[in-house]
Amino acid sequence: MKNLFVATAMLFAVSLSTATCVAQQPSKREIRCNYALKNLSLTKDQQTKVKPVIMAYLKAMHDATDTYDDLKDKYKAEIKAGRLSDAAANQLFAAKWVADAAELKVKKTYAPKFKAIIGAKNTWYCMDLLNDKMSKILGEGKEK
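Predicted model only: the values in this text are computed from it and were never measured.

J.: Honestly, the confidence of the model for the chain in this entry has me stumped. Any pointers?
T.: Detailed reading of the predicted coordinates is not advisable wherever pLDDT falls low. Confidence along the chain averages 87 in pLDDT terms, with 81% of residues attaining 70 or more. Between the elements of the chain, mean pLDDT differs from a low of 56, seen in helix H1 (residues 2-23), to a high of 96, seen in helix H5 (residues 86-130).

J.: Explanation requested: the packing of helix H2 (residues 28-39) against helix H3 (residues 44-74) in the structure shown.
T.: In a pair of packed helices, the angle between the axes and the distance between the axes together describe the arrangement. The interhelical angle for the contact between H2 and H3, taken along N-to-C directions, is 135°, at an axis separation of 10 Å. As the angle between them shows, H2 and H3 are arranged oblique. Remark: the crossing between H2 and H3 carries right-handed chirality. In contact with Arg 29, Glu 30, Arg 32, Cys 33, Asn 34 and Leu 37 of H2, H3 contributes Gln 47, Val 50, Lys 51, Ile 54, Met 55, Leu 58, Lys 59 and His 62. Classifying every residue of the contact of H2 with H3 by side-chain character gives 6 nonpolar, 3 polar and 5 charged.

J.: I'm lost on H3 in this one. Help?
T.: Along an α-helix, a turn takes 3.6 residues, which lines up residues three or four apart on a common side. For H3, with 31 residues, the first-to-last C-alpha span of 43 Å sits near the 45 Å given by 1.5 Å per residue. Approximately 50° is the largest bend angle found in H3, and it occurs at Asp 66. Where H3 is buried, its residues touch H2 and H5.

Thresholds applied
- Residues numbered from 1 in each chain as written.
- Predicted model: local features only at pLDDT ≥ 70, side-chain atom pairs only at ≥ 80, totals over all residues.
- Heavy atoms only, no water.
- pLDDT = per-residue confidence, 0-100.
- Helix = DSSP H or I, 4+ residues; strand = E, 2+ residues; numbered from the N terminus.
- Axes fitted to C-alpha atoms, helices over the stretch in contact; angles between N-to-C directions.
- Parallel < 35°, antiparallel > 145°, perpendicular 65-115°, else oblique.
- Left-handed = near helix turned anticlockwise from the far one by under 90°.
- Contact = heavy atoms within 4.5 Å.
- Nonpolar A, V, L, I, M, F, W, Y, C, P; charged D, E, K, R; others polar.
- Expected span 1.5 Å × (residues − 1).
- Bend = angle between axes of the 7 residues up to and from the residue.

Now the structure itself:
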């Protein structure tokens, strides 16, 4: 009975520590935001002011491309196998053009907000850094 109680307590402690580790992992948006902030030469005050703008920008960019990404996922098997139908390709074209227009609108909306806080040069670098691939952000490059 005592061993059962000890085993149950240990299992509970392990599950609790695992749950807190999972809950503390930053999201991809937070990782991308922190990467951009780290690589820009900004004061602490600028970083504090621009971080919520970056997070809102990343959410808006995700929302702008969400429909296209969902459609692309729907046809992923056909694309990979090379069996994409003309109708599906036309749907993908239409969704991509809508997503591109929405992305451009988001960029035009957020550029002045960034410029007001960090200036034009840092705005350009910030948007460029935010566009980097996750493999580059995480440092998962080619091994030499």
